[in-house]
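Inside the fold
For reference, the chains in residue letters:
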Amino acid sequence: MPDDEHRSINVPEGVDSNEFGATHEEYSHDSDPSQDETVREGVGSEGLDEKKSQGPTKEEQHQLIQRFLAINNLLTLESTFVGNMRVVRDIYKGTTEACPKLAPESAMLIFRNIDELVDFHFSFFFRLRFVALSYHPSNPRLSAQPQNTKEITIASDPTNNPDGPEDAEDRQTSIGCLFVQHMEQMEAVHEDFSRGSDLAAVCLRVVQDDPAVKIWLDECNEVASHLVTCPQLDLLLEMPLQHMARYLVLIDKLLQFTPADHPDRPSLMSTRTSLEAVLPSSGTVTITPEESLHAPTTS
C-alpha cells in the first residue's frame, strides 16, 4: 500500500510497555493527594484507643478483612481502567496520523474527550492509592514504585499478616470522602464521553470499510494486545460507559462490611446515592465484583 495511505504503527516514543498503568513518575505534583484536606477530614479517631485495647472480635476481624479486600478490588479496578484508557489515547488516538484515510473529524468523533478522561482517572487513581497507603502503610508491595498495572494493588491476602488489618488503621480510610470530593468532576467527564457514544460506534463501524483504516486498526490492535487483555478499540470505548456501574458494585460491597459507626460510612452512602443517580437505570446493570475487574465481552 502506498506510504501516503498507510504507515506502520509502533508504540509511541516514550511509551514503555512495562509501564502501561498509572506510574508514580508521571504523577503531577499539582494533584498531590496529600494536599487533599477532604481526604483527611471526617475520619476522626474517637474511641480508637479503647477499641484497640479491647481488640476486635472474630466478626469484627472478618469485617476488617473484607473491607481490606474490597479496597484492594477498587484499586485494581481503577488501575486496570487507567491502563486500558491509556491504550485508547496513546496507541489508537496517538497514531491516527499514520492513517491519512481516517479524517480528523472522524477521529474527533470516535475518541471524544479521551485525554480529559485519562487525566482525571490517572489523578484519581493516585488519590485512591494514597488513601490505601494510609490504610496499610507498611505494605512494601504498595509502597514500591509500580512497574505495571498488575502490581498497583494492595496485597491480595491480608491474612498474610498474622494480626490481620488493624481497626485503628481502617478507621482512617476515607474512600467515600474522596469520591464525594471528586464526584462532580467525574460525572462531567463521563457525561461528555457518553454523550457521543452512539455516533462514535457508528462512525467506527463505517470507517473500517476503508482497507487502509482497517489495516491501521489491526496494527494498533497487535501493539495493544501486548499491553492489555482487551485490545479491541470498540470494546475499549465501551469501558467508560460501564465504569460508574462497576464503582457502584464495589462501593456496595465496601458498605456491606463497613460498621455503622465508621467515620467514612456517611460519605460512602452519599457516593452510592450519587452513582445510582447518574446511571441510566440501576436495575438494568448487573455486574458482580469479580466481573467488575474484567474487560467486557462481545455479545
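Here we summarise the structure given alongside this text. (Residues numbered from 1 in each chain as written. Predicted model: local features only at pLDDT ≥ 70, side-chain atom pairs only at ≥ 80, totals over all residues. Heavy atoms only, no water.)

Our focus in this paragraph is the overall build of the chain. On a plain count of helices and strands, the chain comes out with 13 helices and zero strands. Across the chain, helices and strands are ordered from the amino to the carboxyl terminus as α-α-α-α-α-α-α-α-α-α-α-α-α. Taking all 299 residues of the chain together, 47% fall into the buried category. By sequence separation, contacts in the chain at least 24 residues apart represent 86% of the contacts at least 6 residues apart. (Helix = DSSP H or I, 4+ residues; strand = E, 2+ residues; numbered from the N terminus. Buried < 20%, exposed > 50% of the residue type's maximum accessible area, 1.4 Å probe, protein only. Contact = heavy atoms within 4.5 Å.)

When the terminal C-alpha atoms of helix H3 (residues 58-92) are compared, their 50 Å separation across 35 residues agrees well with the 51 Å that a helix rising 1.5 Å per residue should span. Buried residues dominate H3, accounting for 25 of its 35 residues. (Expected span 1.5 Å × (residues − 1).)

Orientation of helix H12 (residues 239-256) relative to helix H13 (residues 265-278), taken along the N-to-C sense of each, is 150 degrees, at an axis distance of 10 Å. It follows from the interaxial angle that H12 and H13 lie roughly antiparallel. As H12 packs across H13, the resulting crossing turns out to be left-handed. On the side of H12, the interface is formed by Met244, Tyr247, Leu248, Ile251, Asp252, Leu254 and Leu255, while H13 contributes Arg265, Leu268, Met269, Thr271, Arg272, Leu275, Glu276 and Val278. (Axes fitted to C-alpha atoms, helices over the stretch in contact; angles between N-to-C directions. Parallel < 35°, antiparallel > 145°, perpendicular 65-115°, else oblique. Left-handed = near helix turned anticlockwise from the far one by under 90°.)

Backbone geometry at arginine 112 places phi at a positive 50 degrees, although glycine is not the residue there. Here arginine 112 is to be found in the loop between helix H4 (104-111) and helix H5 (114-135).

Applying the stated criterion across every chain yields a total of seven aromatic pairs. Ring geometry for tyrosine 92 versus tryptophan 216: centroids 6.4 Å apart, planes at 90 degrees, classification edge-to-face. Separated by 124 residues along the polypeptide, tyrosine 92 in helix H3 and tryptophan 216 in helix H10 (residues 211-224) bring together distant segments of the chain. When its relative accessible area of 1% is taken as the criterion, tryptophan 216 is described as buried. Ring-pair connections join several aromatic residues into one group, and the members of that group are Phe120, Phe124, Phe179 and Tyr247. Looking at arginine 112, its charged tip hangs above the ring of phenylalanine 193, at a distance of 3.8 Å from the centre. (Phe/Tyr/Trp six-rings, centres within 6.5 Å; stacked < 30°, edge-to-face > 60°. Lys NZ or Arg CZ within 6 Å of the ring centre and 35° of its normal.)

Running from N to C, helix H8 (residues 175-195) and H12 cross one another at 160 degrees; their axes reach a closest spacing of 10 Å. As far as their axial angle goes, H12 and H8 are roughly antiparallel. Regarding H8 and H12, the two cross each other, and that crossing is left-handed. Only Pro240, Leu241, His243, Met244, Tyr247, Ile251 and Leu254 of H12 make contact with H8, whose side of the interface consists of Ile175, Phe179, Met183, Met186, Glu187, His190, Phe193 and Ser194.

Our focus in this paragraph is helix H9 (residues 197-207). Buried residues of H9: Ser197, Ala200, Cys203, Leu204 and Val207, and no others. The buried residues of H9 all sit within an arc of 120 degrees when viewed along its axis, so they share a single face. Of the exposed residues in H9, the ones pointing more than 90 degrees away from its buried face are Asp198, Leu199, Arg205 and Val206. Turning to H9, the residues buried within the fold contact H4, H8, H10, helix H11 (233-236) and H12. (Arc of directions from axis to C-beta.)

Scanning the model with the defined rule gives eight salt bridges in all. Of the charged contacts in the structure, one is a salt bridge between arginine 89 and aspartate 119, with a shortest N-O distance of 4.0 Å. Separated by 30 residues along the polypeptide, arginine 89 in helix H3 and aspartate 119 in helix H5 bring together distant segments of the chain. Of the residues examined, aspartate 119 reaches a relative accessible area of 48% and is grouped as partly exposed. (Salt bridge = Lys/Arg side-chain N within 4 Å of Asp/Glu carboxyl O.)

The next thing to look at is the side chain of serine 267. For serine 267, the location among the structural elements is in helix H13. Other than its neighbours up to four places away in sequence, serine 267 contacts Gly176, Cys177 and Val180.

In terms of nonpolar packing, the biggest core is built from 63 residues, with Tyr92, Ile110, Phe111, Ile175, Phe179, Leu233 and Tyr247 touching the most fellow members. With twelve residues, the single largest contributor to this core is H3. Beyond its immediate stretch of four places on either side in the chain, tyrosine 92 contacts Val87, Phe111, Trp216, Leu217, Cys220, Asn221, Ala224, Pro231, Gln232, Leu233 and Leu236. (Core = buried A, V, L, I, M, F, W, Y, C linked by side-chain atoms within 4.5 Å.)

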